[in-house]
Amino acid sequence: MSTRARLHRTAAFGATLLLVGMLGACTSSSAEESPEESPDESSQESSEELRRFYEQDLAFEPCEPYATTEADAQILANERFECARMEAPMDYDDPGGETVSIALLRLPAKGEPIGSLLTNPGGPGYSGLSFPAIISALAPENPVVERFDLIGVDPRGVGASTPALDCYTDAERENDALSAKLNVTEEQTRQWMRQCAERTGSEEFLSHVGTRDAARDMDVLRAVLGDEELSYLGTSYGSRLGAVYAEMFPDNVRALVLDGAMNPYAATAERRESQYAGLQRSFELMGASCTEQPDCPLGSDPDAVTERFQEIVQPLLDEPVPAGDGRVLSFFDAIDGVVSGLYSEASWPTIIEGIREVRDGRGETLMGLHDGYYQRSADGSYSNALEATEAINCLDEERHTPEQETALQRTVIAAGPFTDPGRPLGETRNMCESWPVEPTLGYPYATDIEGLSDTLTVAVTGDPVAPYEEGARLAEALDGSLLTVEGEQHGAALVAGNACVDDIVADYLVNLDSPPSDARCTLE
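Residues numbered from 1 in each chain as written. Predicted model: local features only at pLDDT ≥ 70, side-chain atom pairs only at ≥ 80, totals over all residues. Heavy atoms only, no water.

Turning to the overall build of the protein, a few remarks are in order. Summing up its helical and strand segments, the protein has 17 helices and 11 strands in all. Here the C-alpha radius of gyration of the protein, 22 Å, is about what a compact globule of 524 residues would show, namely 24 Å. The C-alpha extent of the protein, read off along each of the three principal axes, is 75 × 50 × 45 Å. Here the protein has roughly 19300 Å² of accessible surface; of this, 46% comes from carbon and sulfur atoms. (Helix = DSSP H or I, 4+ residues; strand = E, 2+ residues; numbered from the N terminus. Rg over C-alpha atoms; globule rule 2.2 N^0.38 Å. Areas by Shrake-Rupley, 256 points an atom, 1.4 Å probe, with all protein chains shown as cover.)

A few words now on the sheet that holds strand E11 (residues 520–522). The strand order across the open sheet built from 9 strands is E1-E2-E4-E3-E5-E6-E9-E10-E11, with neighbouring strands paired in mixed fashion. Looking at the sheet topology across the chains shown, the edges are occupied by strand E1 (82–89) and E11. Between one strand and the next, the sheet's axes are offset by a mean angle of 25°, whatever the strand orientation. Examined bridge by bridge, strand E6 (residues 253–259) and strand E9 (residues 456–460) share 3 bridges and lie parallel to one another. Residue Asp-259 lies in a different strand from E9, and its bridge partner there is Val-458. Packing against the sheet, helix H17 (residues 499–511) makes contact with strand E3 (115–120), strand E4 (148–154), strand E5 (230–235), E6, E9, strand E10 (481–486) and E11, and its axis sits at approximately 160° to E6. (Pairing = 2+ DSSP bridges. Axes fitted to C-alpha atoms, helices over the stretch in contact; angles between N-to-C directions. Contact = heavy atoms within 4.5 Å.)

Take the pattern of salt bridges next. As a working rule, side chains carrying opposite charge can pair if their charged atoms are close by. Considering all chains together, one arrives at 34 salt bridges under this definition. Among the ionic pairs, Glu-397 bridges to Arg-240, the shortest N-O distance being 3.2 Å. Taken as a pair, Glu-397 in the loop between helix H14 (385–396) and helix H15 (402–415) and Arg-240 in helix H8 (residues 237–248) lie far apart in primary sequence, 157 residues in all. Here Glu-397 and Arg-240 have matching classes, each one buried. The closest approach of N and O atoms between Glu-364 and Arg-362, which form a salt bridge, is 3.9 Å. Of the residues examined, Arg-362 reaches a relative accessible area of 37% and is grouped as partly exposed. Through salt bridges with shared partners, a single network forms among Asp-166, Asp-170, Arg-173, Arg-199 and Glu-387. (Salt bridge = Lys/Arg side-chain N within 4 Å of Asp/Glu carboxyl O. Buried < 20%, exposed > 50% of the residue type's maximum accessible area, 1.4 Å probe, protein only.)

All right, on to the packing of aromatic side chains then. For the structure shown, the criterion picks out 10 aromatic pairs. Ring geometry for Tyr-126 and Tyr-373: centres 6.4 Å apart, planes at 50°, overall tilted. In this pair, Tyr-126 sits in the loop between E3 and helix H3 (131–138) while Tyr-373 sits in helix H13 (residues 364–374), placing the two residues 247 residues apart along the sequence. Here Tyr-126 and Tyr-373 have matching classes, each one buried. In textbook terms, an aromatic cluster arises when at least three aromatic residues are bridged by ring pairs, as seen for Tyr-126, Tyr-343, Tyr-373 and Tyr-374. (Phe/Tyr/Trp six-rings, centres within 6.5 Å; stacked < 30°, edge-to-face > 60°.)

Right, let's get into the packing of helix H7 (residues 211–224) against H8. At a closest axis distance of 9 Å, the pairing of H7 and H8 adopts a crossing angle of 70°. Relative to H8, the element H7 lies roughly perpendicular. Between H7 and H8, the contacting residues are Thr-211, Arg-212, Ala-214, Ala-215, Arg-216, Met-218, Asp-219 and Arg-222 on the first element and Tyr-237, Arg-240, Leu-241, Val-244, Tyr-245, Glu-247 and Met-248 on the second. Across the contact of H7 with H8, the residue classes tally to 8 nonpolar, 1 polar and 6 charged. (Parallel < 35°, antiparallel > 145°, perpendicular 65-115°, else oblique. Nonpolar A, V, L, I, M, F, W, Y, C, P; charged D, E, K, R; others polar.)

Right under this line is the structure:
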């Protein structure tokens, strides 16, 4: 999810998945059947065409060619990792048509494997290839690393998967094309869709990049890897992907860990307001900690930190400050940098130092946080993470009218006033207004699922972008287990270095032992 302090964006941080059986969930469209072809015959033909995807063989190879960023290039050079490409239908209703290529990484189990553990770090547009490397580095002795082949995936349209969603040049990304969209016009929405289609290479592909498409891919991958049932760890948007998979393929689920979760009952407007409120809460906590320090750039009054921050950053709209290498920090860059740092309490000192620099006329630290969030390399190139998030959300989030989008923009600024540019907000439009198809996810999702094995939702009480109540609601929807974690960060399973959390997650994934209903852990 990405969860961004973006005024126009339909941020997403969880995942939900789909289908009900290896072949039975995909049927052909009967609307265009020939008169002599019965629906049953058409469905059987579709299933036969789909079978070849489920029965394909993967050719694993070194991972270096799969890197799409400087950071991934360093990680994927490790000889322990092996990568491959999986073929999938572009349109599951037309499995005999065009195909897409899904990039994946496997980190073999250290010991005797139970099977594969598919993972997703969030987004929805972020590469997942390196997530197994992060898990193995932060929890090297955990039984999950010992007993599972860890699988990282770039979902369709993302990272090394092809076609890759591409809506902006690096020059446009550098000049706030991803950020400064306060008052979007109808023509801008049309131009953006055309540009995405042209640069991606296929307008048809834009209709098949939603979470439900990614969930179908995940079921194909489960089968191709040789697993009868899916074991899965999804963080942030990854929780939505996992929940949708549970909805569509309940009989194929072995175990799902859903961390930093999204509420399947909350539609776009409700969730975005909740996320901005969560970010504001974390900003105020960060600001209060700053006021206890000497030379706090936000002053000494905890109740005035938002106002003081606005005084420091709003002038950047007219006068950006130098940020090194000939670059300047804009208002939107600064907000993105702060939001990025709010994901974890450990980054609060970096945010404070960045605000201090802006007060003094420099922007290197907040620009560094911004660049990490946008996955900008030193050579000025960007990954496609944020624009892929926008495009995927066009199929996942509700499509608002101009009146609704304008009202929502004002609502989220009121919920998160530290993001307020301090300028009048005119009418705006949903960026997805001209997308070639309507959204395909639907709300609520992943509810009233029959025959689903127990799931484990992990929810942090002070999560800035996925408030605790969202995780509790997801656990309720899935009728699954809930692990409550006291702390101030986004996500905790196998990435926070917390033995209490990691032991419970491992016991569930390895032994299928669920925690008691009152299970709680505390982040140090």
